[in-house]
Amino acid sequence: MAIVFALLCLVFAAGNDLLFKFYARKKRSKGYFAAIVGLVWLLVTVWLPMAPESNWRMTLIWGAISGFFSITANLLLLEAMERLGAGLCSTVYRLNLVPVVIGAALLLNESLSLMQWIGVALATAAVLAFLPRGDKAGKFVLGGFLMVLIAAFLRAGMGLSYRFGFLNGADRNMVVVVNSLFWILGGVLFAVFREKQSLKDQPHIWRYGGLSGLLVAGIVFTMAAALQYGEASIVLPIAQMSFLLTFGCSALFLHEKMTKSVWVGIVCGVGAVLLLSI
């Protein structure tokens, strides 16, 4: 069952990445989109029980910290999707495992194995392979690449803050609920003060946002189920491989080009995820 849930998580993650790309192709409010995702996320998760031994204070603190990292990372990912291909963004974003393992070593005194260091090197090679060059390396494209890199680091910050929070008594279910509140608030603030747009002028936004919210909820639940029934070293690499499905679908439906450097980046990315998950 663990493998089935991990594969479902992979499908949901790839579907959400593609949905992000389809939405970001046109000039639409990314802030209100994120807020709707957060609203659906909240409605799905608010009913989850809180463990009686959990610490409310730690739950709110680490839920807020991880929520800030989460909404900021995803807004940057949406901005990057407007400028770059879905497969490239998805792969670089999934390589957040690099700052996670390095951060765990520095902040949590967790040791890195030789295989994990090789994984870090492969992840670096993957990022370099995807780096725009030549005629395509304009400011607009390079700016998008920088955005998705920063998004990956912020996503790593979310993962590390989860780890810190859970070690200090934060409730797993309620941290996720607090995260959804940050998506709602952060999305609205971004739309009002950064984009200066009105929700009334956003065609199809409820359709896109609602579907993405359901996919995000699916990712959360299937990942939790996979970790409940299987070992993290097995299920996490499977779930993180969603960028392979994203690449395939983006090439099929969005006609994104698969160049030699892209293939090199994919191979290095796969190796990095496998080795970093050991």
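Here's what I pulled together on the structure shown here. Only a predicted model underlies this, so the values are computations on that prediction, with no experimental measurement involved.

Calculation criteria
- Residues numbered from 1 in each chain as written.
- Predicted model: local features only at pLDDT ≥ 70, side-chain atom pairs only at ≥ 80, totals over all residues.
- Heavy atoms only, no water.
- Helix = DSSP H or I, 4+ residues; strand = E, 2+ residues; numbered from the N terminus.
- Rg over C-alpha atoms; globule rule 2.2 N^0.38 Å.
- Buried < 20%, exposed > 50% of the residue type's maximum accessible area, 1.4 Å probe, protein only.
- Contact = heavy atoms within 4.5 Å.
- Areas by Shrake-Rupley, 256 points an atom, 1.4 Å probe, with all protein chains shown as cover.
- Polar contact = N/O pair within 3.5 Å; in protein donor to acceptor, adjacent residues only side chain to side chain.
- Phe/Tyr/Trp six-rings, centres within 6.5 Å; stacked < 30°, edge-to-face > 60°.
- Lys NZ or Arg CZ within 6 Å of the ring centre and 35° of its normal.
- Salt bridge = Lys/Arg side-chain N within 4 Å of Asp/Glu carboxyl O.

## Examining the overall build of the protein chain
A tally of regular secondary structure across the protein chain gives twelve helices and zero strands. Mapped in sequence order, the helices and strands of the protein chain form the string α-α-α-α-α-α-α-α-α-α-α-α. The C-alpha atoms of the protein chain give a radius of gyration of 18 Å, which matches the 19 Å a tight globule of 278 residues would have. Seen through its C-alpha atoms, the protein chain measures out along the principal axes to roughly 55 × 55 × 35 Å. Within the span of the protein chain, comprising 278 residues, buried residues form 52% of the whole. Relative to all contacts within the protein chain whose residues are 6 or more apart in sequence, the contacts with residues 24 or more apart total 87%. Accessible area of the protein chain: about 13,400 Å², with a carbon and sulfur share of 71%.

## A look at the side chain of Asn 74
Within the element layout of this structure, Asn 74 appears in helix H3 (residues 56-83). For Asn 74, the residues in contact, after removing those within four places along its chain, are Phe 20, Tyr 93 and Trp 183.

## Quick word on the environment of Ser 66
Its location among the elements puts Ser 66 in helix H3. In this structure Ser 66 comes out as buried when scored by relative accessible area, which is 0%. With near-sequence residues (within four places) excluded, Ser 66 lies in contact with Met 158, Ser 161, Tyr 162, Val 175 and Asn 179. A distance of 2.9 Å separates the side chain of Ser 66 from the side chain of Asn 179, its partner in a polar contact.

## Some details on the packing of aromatic side chains
Counted according to the given criterion, the structure contains eight aromatic pairs. With centroids separated by 5.4 Å and ring planes inclined at 65 degrees, the aromatic side chains of Tyr 23 and Tyr 208 adopt a geometry described as edge-to-face. Note that Tyr 23 is positioned in helix H1 (residues 2-24) and Tyr 208 in helix H9 (residues 205-229), a separation of 185 residues in sequence. On the numbers, 5.6 Å between centres and 10 degrees between planes, the contact of Trp 62 with Phe 164 is stacked. In this pair, Trp 62 sits in helix H3 while Phe 164 sits in helix H7 (residues 139-167), placing the two residues 102 residues apart along the sequence. The exposure class assigned to Trp 62 is buried, which follows from its relative accessible area of 18%. Linked through ring pairs, Phe 20, Tyr 23, Phe 33 and Tyr 208 together constitute an aromatic cluster. Just above the ring of Phe 166 sits the side chain of Arg 172; from NZ or CZ to the centre is 4.5 Å.

## Structural notes on helix H4 (residues 86-94)
Owing to its 3.6 residues per turn, the α-helix aligns residues three or four sequence positions apart on the same side. A large share of H4 lies buried, amounting to nine of its nine residues. For H4, the full list of buried residues reads Ala 86, Gly 87, Leu 88, Cys 89, Ser 90, Thr 91, Val 92, Tyr 93 and Arg 94.

## Some points on the pattern of salt bridges
Two side chains carrying opposite charge are able to pair once their charged atoms lie near each other. One pass over the structure, following the stated rule, counts three salt bridges. With its nearest N and O atoms 2.8 Å apart, the salt bridge here joins Lys 27 to Glu 82. Taken together, the residues Lys 27 in the loop between H1 and helix H2 (30-45) and Glu 82 in helix H3 connect sequence positions 55 residues apart. The class for Lys 27 is exposed, based on a relative accessible area of 71%. Here Lys 30 ties to Glu 82 by a salt bridge, and the two come within 2.8 Å at their closest N and O atoms. Linking Lys 30 in helix H2 with Glu 82 in helix H3, this pair joins segments that are 52 residues apart in sequence. The burial state of Lys 30 is the same as that of Glu 82; both residues are buried.

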